[in-house]
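# Chains, contacts and geometry: an overview
In case you want the letters, here they are:
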Amino acid sequence: MSAGTYAPRPGAAPLGRMIAAQTALETRMLLRNGEQLLLTVIIPTLLLVLFSAVDIVDTGSRESVDFLTPGILALAVMSTAFTGQAIATGFERRYGVLKRLAASPLPRWGLMTAKTLAVLVTEVLQVVLLTVIAFALGWSPHGNPFAVLLLLVLGTAAFSGLGLLMAGTLKAEATLAAANLVFLLLLVGGGVIVPLDKFPDAVQSVLGLLPIAALSDGLRDVLQHGAAMPWGDLGVLAVWTVLGLGAAARFFRWE
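Computed from a predicted structure; not experimentally measured. (Residues numbered from 1 in each chain as written. Predicted model: local features only at pLDDT ≥ 70, side-chain atom pairs only at ≥ 80, totals over all residues. Heavy atoms only, no water.)

Mapped onto the elements of the fold, Glu123 is located in helix α5 (residues 108-136). Although Glu123 lies buried, it forms no salt bridge, and the closest oppositely charged side chain, Lys115, sits 14 Å away as judged by the N-O distance. Not counting the four nearest positions on each side in its chain, Glu123 is found in contact with Val77, Thr80, Ala81 and Thr156. (Helix = DSSP H or I, 4+ residues; strand = E, 2+ residues; numbered from the N terminus. Buried < 20%, exposed > 50% of the residue type's maximum accessible area, 1.4 Å probe, protein only. Lys, Arg positive; Asp, Glu negative; His and termini not counted. Salt bridge = Lys/Arg side-chain N within 4 Å of Asp/Glu carboxyl O. Contact = heavy atoms within 4.5 Å.)

Bringing the packing of aromatic side chains into the picture now. Scanning the model with the defined rule gives 4 aromatic pairs in all. Taking the centre distance of 6.1 Å and the plane angle of 35° together, the rings of Phe91 and Tyr95 count as tilted. Over the face of the ring belonging to Phe67 we find Arg220, whose NZ or CZ atom lies 3.8 Å from the ring centre. (Phe/Tyr/Trp six-rings, centres within 6.5 Å; stacked < 30°, edge-to-face > 60°. Lys NZ or Arg CZ within 6 Å of the ring centre and 35° of its normal.)

Quick look at the layout of surface pockets now. Looking at the largest pocket, its volume works out to about 430 Å³. Considering the residues around the largest pocket, the lining is formed by 21 residues, among which Leu30, Asn33, Gln36, Ile87 and Ala88 are closest to the centre. Broken down by secondary-structure element, the contributors of at least two residues to the lining of the largest pocket are α1 (15-32), α2 (34-53), α3 (64-94), α5 and α7 (172-189). The element that contributes the greatest number of residues to the lining of the largest pocket is α3, accounting for 7 residues. Across the lining of the largest pocket, the residue classes tally to 11 nonpolar, 6 polar and 4 charged. (1 Å grid on protein atoms, 1.4 Å probe; cavity = no way out; pocket = protein on both sides within 12 Å on 5 of 7 lines; lining within 4 Å. Points joined across faces, edges and corners; volume = space filled by probe spheres on them. Nonpolar A, V, L, I, M, F, W, Y, C, P; charged D, E, K, R; others polar.)

A few words on the nonpolar core. Among the nonpolar cores identified, the biggest contains 50 residues, and Leu48, Leu75, Met78, Phe159, Ile193, Leu215 and Leu219 are the most heavily contacted of them. Elements represented by at least two residues in this core include exactly α2, α3, α5, α6 (145-169), α7, α9 (211-223) and α10 (231-251). With 15 residues, α3 is the largest single contributor of residues to this core. Leaving out residues up to four positions away in the same chain, Leu215 has contacts with Ala74, Val77, Leu151, Leu152, Gly155, Phe159 and Leu237. (Core = buried A, V, L, I, M, F, W, Y, C linked by side-chain atoms within 4.5 Å.)

Dropping the structure here:
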């Protein structure tokens, strides 16, 4: 049999098709994982409903839902792009999944692109769900949608870089513990539910530099107060994006 008579011809699929297939796989794995759903969907939803319905924290606004919704959206981004991705990638690295995928025709940067796209797909579903619930609770957003989109994209990039850095440098068990601990600490001290002005002045200046605080405050400035473009918060997120993705690219270990 002469060469070139095989149908279909053996070989790697086009790069775009490989990334799309890996993205679909990564998305299904995220949505089928019960622990991930608890972290990315159920917890943000419960927090939004509970703190909007019960006056536990003085948010300083006329309607609690107007203050809480931007913070919960920021929490949803962090839970998926940082906590969920760090834990999943850490255990994939421990079990040798990343090592085997790195040997496939899909390049390593293509695998990371697919993981990032899967995070974005999951976040779209989160934002839609939380927005519907917030509207049902009486939310009345304002501001520039483009500014909201830019904040969410930069926040995703910043948290994704930090999550990959943690997953690529720590052992899986350490990643699991550290990612959950960071999630809880930033939930309390990142301006998600408790306003930053409730903390001492010296602490506020430090907390305001955290990516979760920049994202939640930026979303709140736009959606609650109608700000055009929160450049300060965008700048903080941009710095974290460069630091996180740069460090992840430099120090990530595949084995």
